[in-house]
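Structure at a glance
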Amino acid sequence: MAAGLLALLLGALPAPAQSPGRASAEREAVIANETGMAVRELYLAPATETDPGPDRLGADTLPPGSSLRLRLGRNQACAWSLRAILADETADERRVDLCRSPRVVLGDPSAPSREVVVNNDTDLDLHELYAAPAGAPRGPDRLGAEIVPAGRPYRLRLGRRRDCVFDITAVLADGTEVARPRTDVCRNARVTLADPSLTWREMTVANRSGRVLAGLHVVPGGRSPALNAEDGWGVNRMGSESAPDGSTFRLRLRLPGCTADLRATYADGSAEARRDVDLCRQADVTFDGSGIPRPPERGVTFVNRHLARIDEVYVSSSTEGDWGPERLPGGLARGERQLLTLPVDCVVDLRVVFPTGGAEERREVNICQTATIVVRPGWTTAARIDEGEEDEGPRPGSIRLRNTAALPIVELYIDAPGAPRGPDRLGATVLGRNETLDVAPPEGAGCAARLTAVLRDGREATREPVDLCAGIEVPLP
């Protein structure tokens, strides 16, 4: 009975007070990353809250094998909601009791850490890389902003996991995808991207074009599109680099055979191609600008009706950035006219320079519509640039020959294509500098002809074929 009374008395006593230090202890959590990959985002909020709160990592990540200590403040609850976003965009979500244990382990430390070496043995840079369990969505790009250069390996960490089979997809610089589905990384932890049927070829590229080489495109021989096609030439093999005139560089690429089609693009917007280059026999390729398409030659007649002699004449396409070469080395005296045949576009800019050094210019003149330029006072702003010099041209069914040489034409032969040379059509006359002669096909003869002009110094010039019925002016030689 005494024992029972003692127990009753003891039960009535108040419980011992808790230590102030323990009651106000700061709550904390230690997050250990054992997932085998980086944690990109981390959210931790009281379980009673619907808002997960801010990302506890901010702009940082939590690398695999590392831990993070979070101080949560005093008098906090025990139950918390945790959400971790991993590098592969998978999420680890759970409720944790921080009173029972402040340490939270992400991932399974007992699971093996999976990784695979992706060997970019192609000739293009690797821009994107995806890896997901077989049959699952491909997920995020594992490279992020990183680029794996051609010929380099990349170690892809898949994290701690027990599955072995993954779908791996690589996206190269030209947008092509290389798929390696159902890759068993437990049996073979190395993946190659190149087609084994493609052989490495090496070449030396020389820029002798007089321009800055800004891009080089290479496709297998016979597979290239038109020179200026937007699609079909593949990726620029020079990347962001450029090659000044006179430079050389090496290029290594994979091809299904020996032949390749190459396109060089220049900083001024021009381009040229070399097609069916046999790299097994010819390892050096030179771009000299000779393949750049030239505009057709157009005739324009300059007439000097100004108050002074013209020393220099410049004619350039309006799309060009400079005036180009001087077109009339001999100049043009007052009252003279001269026909120029120039490789320019229809719309040109004109500049004439006088003996005093003064110059006059006129922009955007369409010489396909107005082929006579009369340089007179006020011509740069005149409504008609050929005023007073209208030329009716040759009569229908004929052509007009004009001697554009510095010497007279003393003989002229007009023969059918492939026929032997016939009689001289000038006889005792000559066709002086800038003089013209209208010619029609002989009665009963066809329009196609071969023209041969003989200058006073014995030089010959031949044009073939010429349409004698075209109604146009033809410069000789």
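As a starting point, this report considers the structure included with it.

Thoughts on the sheet that holds strand E13 (residues 199-207)
Sheet architecture is open: three strands sit in the order E15-E13-E18, paired in mixed fashion. Looking at the sheet topology across the chains shown, the edges are occupied by strand E15 (248-255) and strand E18 (284-287). Taken over all neighbouring pairs, the strand axes of this sheet differ in orientation by 30 degrees on average, direction set aside. The pairing of E13 with E18 spans four bridges and is classified as parallel. Bridge assignment links Val205 to a residue of E18, and that residue is Val285.

Examining the environment of Ala333
Tracing the backbone through its elements, the reader meets Ala333 in the loop between strand E20 (312-317) and strand E21 (337-343). Looking at Ala333, the relative accessible area reads 25%, which means it is partly exposed. Taking C-alpha positions, Ala333 is 68 Å from Arg152, a pair spaced 181 residues apart along the chain. The residues contacting Ala333, other than those within four sequence positions of it, are Asn304 and Arg309.

Let's talk about the side chain of Asn120
Inspection of the secondary structure puts Asn120 in the loop between strand E7 (113-119) and strand E8 (126-133). Look at Asn120 and you get buried, because its relative accessible area is 0%. When neighbours within four sequence positions are excluded, Asn120 is seen to be in contact with Asp125, Leu126, Val148, Pro149, Ala150, Gly151, Arg152, Pro153, Leu172 and Leu193.

The rules we used
Residues numbered from 1 in each chain as written. Predicted model: local features only at pLDDT ≥ 70, side-chain atom pairs only at ≥ 80, totals over all residues. Heavy atoms only, no water. Pairing = 2+ DSSP bridges. Helix = DSSP H or I, 4+ residues; strand = E, 2+ residues; numbered from the N terminus. Axes fitted to C-alpha atoms, helices over the stretch in contact; angles between N-to-C directions. Buried < 20%, exposed > 50% of the residue type's maximum accessible area, 1.4 Å probe, protein only. Contact = heavy atoms within 4.5 Å.

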